[in-house]
Amino acid sequence: MKLIKTKAELVDALADLRGHIALVPTMGALHDGHLSLVAAARADISSADDMVVASIFVNPLQFAQLGDCDDYRNYPRTLDADAQLLESAGVDIIFAPDVAEMYPQGTPEVWVRSGEMGSQLEGASRPGHFDGVATVVAKLFSLIRPNRAYFGQKDAQQLAVIKRMVHDLDLRVDIRAVPIIRGADGLAESSRNQHLGATDRQNALALSATLAALRDRRIDLEQARVELSNADAVDLDYLEVVSPETLQPITWPPTAPALALGAITVGGTRLIDNMDI
Ligand code: PAF
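Residues numbered from 1 in each chain as written. Predicted model: local features only at pLDDT ≥ 70, side-chain atom pairs only at ≥ 80, totals over all residues. Heavy atoms only, no water.

Remarks on the overall build of the protein chain
Scanning the protein chain for helices and strands turns up eleven helices and nine strands. In terms of overall dimensions, the protein chain is globule-like: its C-alpha atoms have a radius of gyration of 19 Å, near the 19 Å expected for 277 residues. Reported as C-alpha extents along the three principal axes, the dimensions of the protein chain are approximately 55 × 40 × 40 Å. Counting the 277 residues in the protein chain, one finds 49% classified as buried. Within the protein chain, contacts between residues at least 6 apart in sequence are counted, and of these 70% link residues at least 24 apart. Total accessible area on the protein chain is roughly 13,500 Å²; 49% of this is exposed by carbon and sulfur atoms. The centroid of the 25 positive side-chain charges in the protein chain is displaced by 3 Å from the centroid of its 38 negative side-chain charges. (Helix = DSSP H or I, 4+ residues; strand = E, 2+ residues; numbered from the N terminus. Rg over C-alpha atoms; globule rule 2.2 N^0.38 Å. Buried < 20%, exposed > 50% of the residue type's maximum accessible area, 1.4 Å probe, protein only. Contact = heavy atoms within 4.5 Å. Areas by Shrake-Rupley, 256 points an atom, 1.4 Å probe, with all protein chains shown as cover. Lys, Arg positive; Asp, Glu negative; His and termini not counted. Charge placed at Lys NZ, Arg CZ, Asp CG, Glu CD.)

Observations concerning the pairing of strand S5 (residues 148–152)
With four of five residues buried, S5 lies mostly within the body of the structure. By the bridge criterion, two bridges tie strand S2 (residues 21–26) to S5 in an arrangement that is parallel. When the sheet's bridge partners are listed, leucine 23 is paired in S5 with alanine 149. In terms of strand pairing, S5 meets strand S6 (residues 174–178) through five bridges, oriented parallel. Each residue of the ladder has a partner; that of alanine 149, found in S6, is isoleucine 175. (Pairing = 2+ DSSP bridges.)

Some details on the UniProt feature "binding site: (R)-pantoate" (unreviewed entry) in the protein chain
In the numbering used here, UniProt assigns the "binding site: (R)-pantoate" (unreviewed entry) feature to Gln62 and Gln158. A maximum C-alpha distance of 11.4 Å among these annotated residues, which run over 97 residues, shows that they cluster at one spot. Lining of the largest pocket among the annotated residues: Gln62 and Gln158. Note on placement: glutamine 62 falls in the loop between strand S3 (51–56) and helix H3 (70–73). When sequence neighbours within four positions are dropped, the list of residues in contact with glutamine 62 reads Met27, Arg126, His129, Gly132, Val133 and Val136. At 2.9 Å, the side chain of glutamine 62 and the side chain of asparagine 59 are in polar contact. Note on placement: glutamine 158 falls in helix H9 (residues 156–168). For glutamine 158, a relative accessible area of 19% translates into the label buried. (UniProt positions renumbered as here; feature names shortened; annotations may be inferred. 1 Å grid on protein atoms, 1.4 Å probe; cavity = no way out; pocket = protein on both sides within 12 Å on 5 of 7 lines; lining within 4 Å. Polar contact = N/O pair within 3.5 Å; in protein donor to acceptor, adjacent residues only side chain to side chain.)

Focus on the sheet that holds strand S8 (residues 259–266)
Taken in spatial order, the three strands make up an open sheet running S7-S8-S9, and their pairing is antiparallel. The open sheet has two edge strands with one neighbour each: strand S7 (234–242) and strand S9 (269–276). Recorded for the sheet is a direction-independent mean angle of 15° between the axes of neighbouring strands. Relative to S9, S8 runs antiparallel, the two sharing eight bridges. When the sheet's bridge partners are listed, glycine 262 is paired in S9 with aspartate 273. The strands that helix H10 (residues 198–215) touches are S7, S8 and S9; relative to S9, the one it contacts most, it runs at about 25°. (Axes fitted to C-alpha atoms, helices over the stretch in contact; angles between N-to-C directions.)

Some words on the site of the ligand
Near the ligand you find Pro25, Thr26, Met27, Gln62, Val133, Val136, Phe151 and Gln158, and these make up its full shell. Between an oxygen atom of the ligand and a side-chain N or O atom of glutamine 62, the distance comes to 2.7 Å. At a separation of 2.7 Å, an oxygen atom of the ligand approaches a polar side-chain atom of glutamine 158. Calculation on the ligand without its partners gives an accessible area of 290 Å², and the protein chains cover 89% of this total. More than half of the atoms of the ligand fall within 2 Å of the grid points belonging to the largest pocket. Within the residue set of the shell around the ligand, elements represented by two or more residues are S2 and helix H8 (129–144). Taken together, the residues of the shell around the ligand sort by class into five nonpolar, three polar and no charged. (Near = heavy atom within 4 Å. Sits in = over half its atoms within 2 Å of the grid points. Nonpolar A, V, L, I, M, F, W, Y, C, P; charged D, E, K, R; others polar.)

Description of the layout of surface pockets
To find leftover empty space, a probe the size of one water molecule is rolled over the atoms. By volume, the largest pocket amounts to about 1,200 Å³. As for the largest pocket, its lining consists of 50 residues, of which Met27, His34, Tyr75, Asp155 and Ser191 are closest to the centre. Breaking the lining of the largest pocket down by element, the ones donating at least two residues are S2, helix H2 (32–43), H8, S5, H9 and S9. Sort the elements by how many residues they give to the lining of the largest pocket and H8 lands first, with six residues. Of the residues assigned to the lining of the largest pocket, the class counts are 22 nonpolar, 20 polar and eight charged. A volume near 250 Å³ is recorded for the second largest pocket. (Points joined across faces, edges and corners; volume = space filled by probe spheres on them.)

This is the structure we're talking about:
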């Protein structure tokens with residue numbers, strides 16, 4: 001496994017590659033959800049010349065005030081541990097540039113705009129977040145030139161925005177969605193779960209339970225919102241049923257494949273989850 005920190009070294013390392021490149025973009029602080037992306041990338045390898053590349057880059061553009069915030073400053077940076085995990089998971093190259101390497105002239109002038117898709121749901125409470133995500137992912141695609149890139153279904157809005165970017169900008173990357181990893185209790189895997197105490201975790205299960213009830217048509221959308229708003233210690237941000245491609249709201253009951261997604265805050269920790277319905 002090679003750990004590469006500069007664009008020049010990356011170009012060198014990929015220059016003679018004859019096989020396909022599978023990319024797993026991350027911001028590090030890896031957990032089982034990320035490792036499932038790597039496992040999916042490895043499972044799709046069909047030739048000894050193929051390669052799995054993982055990127056680790058905490059992208060300031062997708063944080064509040066372009067990274068001038070505690071969320072960005074305090075984001076866990078655990079490169080040594082992450083590199084060990086990725087090596088054991090079978091990653092061939094880690095690209096882990098620093099901010100000056102990625103943005104040598106500071107904040108870029110020209111960005112990818114995620115439009116209405118990026119300004120609702122998660123984007124409503126994090127203005128500019130999906131523009132920052134789309135911009136850095138476009139740069140990673142341009143630098144690494146992957147044939148396939150792997151994103152978690154957990155971040156359903158991010159996945160939809162990236163798929164739309166690839167479509168709208170004719171980028172030649174096959175985007176693969178990897179299913180959510182859940183704990184035995186049903187809670188979706190997230191780096192934020194570490195902030196939940198035992199009682200918070202129990203209360204947080206209201207989100208996956210409500211999504212499952214919607215999926216199984218045991219309740220309708222309005223009842224689901226009421227149940228979630230009344231759940232113990234849960235602060236409901238949104239619960240919506242949308243088209244998985246456009247993220248436009250769908251009226252209940254859906255007659256075509258739809259996505260139910262929600263965001264709650266429990267004990268000060270904001271959590272998101274979604275299910276196909
Ligand atoms: O999902 C993430 O970890 C990030 O948003 C991504 C896709 C690596 C872009 O910075």
